[in-house]
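One letter stands for each residue in the lines below.
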Amino acid sequence: MTEEGSDATEGAAVRKAGTAPGPPVAELRGAGKSYGTVRALHGVDLTVPAGRVTCVLGDNGAGKSTLIKIVSGLHRHTEGSFLVDGTPVRFDSPRDALDRGIAAVYQDLATVPLMPVWRNFFLGSELTRGPWPVRRLDIARMKETADRELRDMGIVLDDLEQPVGTLSGGQRQCVAIARAVHFGARVLILDEPTAALGVRQSGVVLKYIAAARERGLGVVFITHNPHHAYMVGDHFAVLRLGTLELSAGRDEITLEELTNHMAGGAELAALKHELAQVRGVDVHGLPGAAELGGTAGVTPGG
Ligand SMILES: Nc1ncnc2c1ncn2[C@@H]1O[C@H](COP(=O)(O)OP(=O)(O)OP(=O)(O)O)[C@@H](O)[C@H]1O
Ligand SMILES: [Mg+2]
């Protein structure tokens, strides 16, 4: 524990310089997961520092959800190691992860649509007052706290009495983010929070991702969308077929390069080469090896 202490001080000093990230709160080292004979994830290195947004990108089936299920305690890794604050861990449930400050917000959010916003905010952790057996819900304090926490994150809702079901998808994500922050999350994992949202709503969610980072949380932002990732991300990890295809800091990669990776840049280049041999196929418009050369300086997994 003493070592961790000195690490943290060093990290804080470096962060003041404004460049290096804080010490990793969560870290995967060569981690992998097999479901029976299906190897969904293999040899993945990922660090989640405090006060940084780590984006995990990848196509369908790339292993994004599997990765965050390991970190959030829903599944156990079957290879490599998973460390929290530098100590190897093996969570039995999301509750274990939450006890260590790791909270995940899923697409379906586990909110109750018919209950008011404030009630959802405290779902499962209701505030009470008075001694047993006359203990009652402390409604006033819950409303007041939910209101303050939402405002602190810059989230303004007209009425906390309105059922969560009447909020937009983006607003619901925001309530879930503020809730995680209030209950002491240090790592916030968001699985495709913008996938079902329009441009404006996505912008709102991105704003709160940035707000969570400002509050010092380590955010893991899972997305298909390189544009959304690049707007808020400090580090980018691209998964392909269960392995880490790219791991790059913001200063090591441009949006174009990231987009190319997401579009399967290397595969497209190989396909272009093959297609060029086929009569009647015009490969001019396809990106080739030259256009993709810009990513050569970025080492996968580095
Ligand atoms: N419970 C499971 N049992 C067996 N195979 C699984 C299970 N969950 C995921 N897989 C497989 O693991 C691989 C990675 O899946 P995963 O859900 O992690 O991908 P993803 O990147 O989240 O995809 P998407 O973008 O579609 O959400 C896929 O081949 C998938 O079929
Ligand atoms: Mg998924």
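Per an unreviewed UniProt entry, the protein chain is named Sugar ABC transporter ATP-binding protein, and its organism is Streptomyces collinus.

Undergrad: Could you clarify how one ought to interpret the sheet that holds strand β4 (residues 79-84) in this entry?
TA: Either a parallel or an antiparallel arrangement is found when strands of a sheet pair, and the pairing is made through backbone hydrogen bonds. Here we have four strands laid out as an open sheet, ordered β2-β1-β4-β5, and antiparallel in their pairing. At either end of the open sheet lies a strand with only one pairing partner, and these are β2 (38-49) and β5 (87-88). Of the pairings in the sheet, the one linking β4 to β5 comprises two bridges and is antiparallel in character. In the strand pairing of β5, Val-84 is matched with Thr-87.

Undergrad: I'm lost on the pairing of β4 in this one. Help?
TA: Each regular strand carries side chains that alternate between the two faces of the sheet. Pairing of strand β1 (residues 24-35) with β4 involves five bridges; the strand directions are antiparallel. Note on β4: the bridge partner recorded for Leu-28 is Phe-82. The antiparallel hairpin formed by β4 and β5 contains two residues in its connecting segment, where Asp-85 sits at a positive phi of about 50°.

Undergrad: Any chance you could explain the site of ligand 1 here in plain terms?
TA: Contacts to ligand 1 come from Tyr-35, Val-38, Ala-40, Gly-58, Asn-60, Gly-61, Ala-62, Gly-63, Lys-64, Ser-65 and Thr-66. Listing elements by their share of the shell around ligand 1, those giving two or more residues are β2 and α2 (64-71).

Undergrad: Is there a simple way to think about helix α7 (residues 199-214) in this case?
TA: Residues separated by three or four positions in an α-helix point in the same direction, a consequence of the helix having 3.6 residues per turn. For α7, which comprises 16 residues, the first-to-last C-alpha distance of 23 Å matches the rise-based estimate of 22 Å (1.5 Å per residue) to within 8%. Among the residues making up α7, those that are buried are Ser-202, Val-205, Leu-206, Tyr-208, Ile-209, Ala-212 and Arg-213. Seen along its axis, α7 keeps its buried residues to an arc of 160°; they face one direction. Turned more than 90 degrees from where α7 packs its buried face, Arg-200 and Glu-214 sit exposed. In this fold, the buried residues of α7 make contact with β3 (53-58), α6 (169-182), β9 (187-191), β10 (218-223) and α8 (226-232). One or two positions beyond α7, positive phi appears at Gly-216, with a value near 95°.

Conventions we followed
- Residues numbered from 1 in each chain as written.
- Chains lettered and ligands numbered in written order.
- Predicted model: local features only at pLDDT ≥ 70, side-chain atom pairs only at ≥ 80, totals over all residues.
- Pairing = 2+ DSSP bridges.
- Helix = DSSP H or I, 4+ residues; strand = E, 2+ residues; numbered from the N terminus.
- Near = placed C-beta within 6 Å.
- Expected span 1.5 Å × (residues − 1).
- Buried ≥ 20, exposed ≤ 12 C-beta atoms within 10 Å, placed from the backbone.
- Arc of directions from axis to C-beta.
- Contact = placed C-beta atoms within 7 Å.

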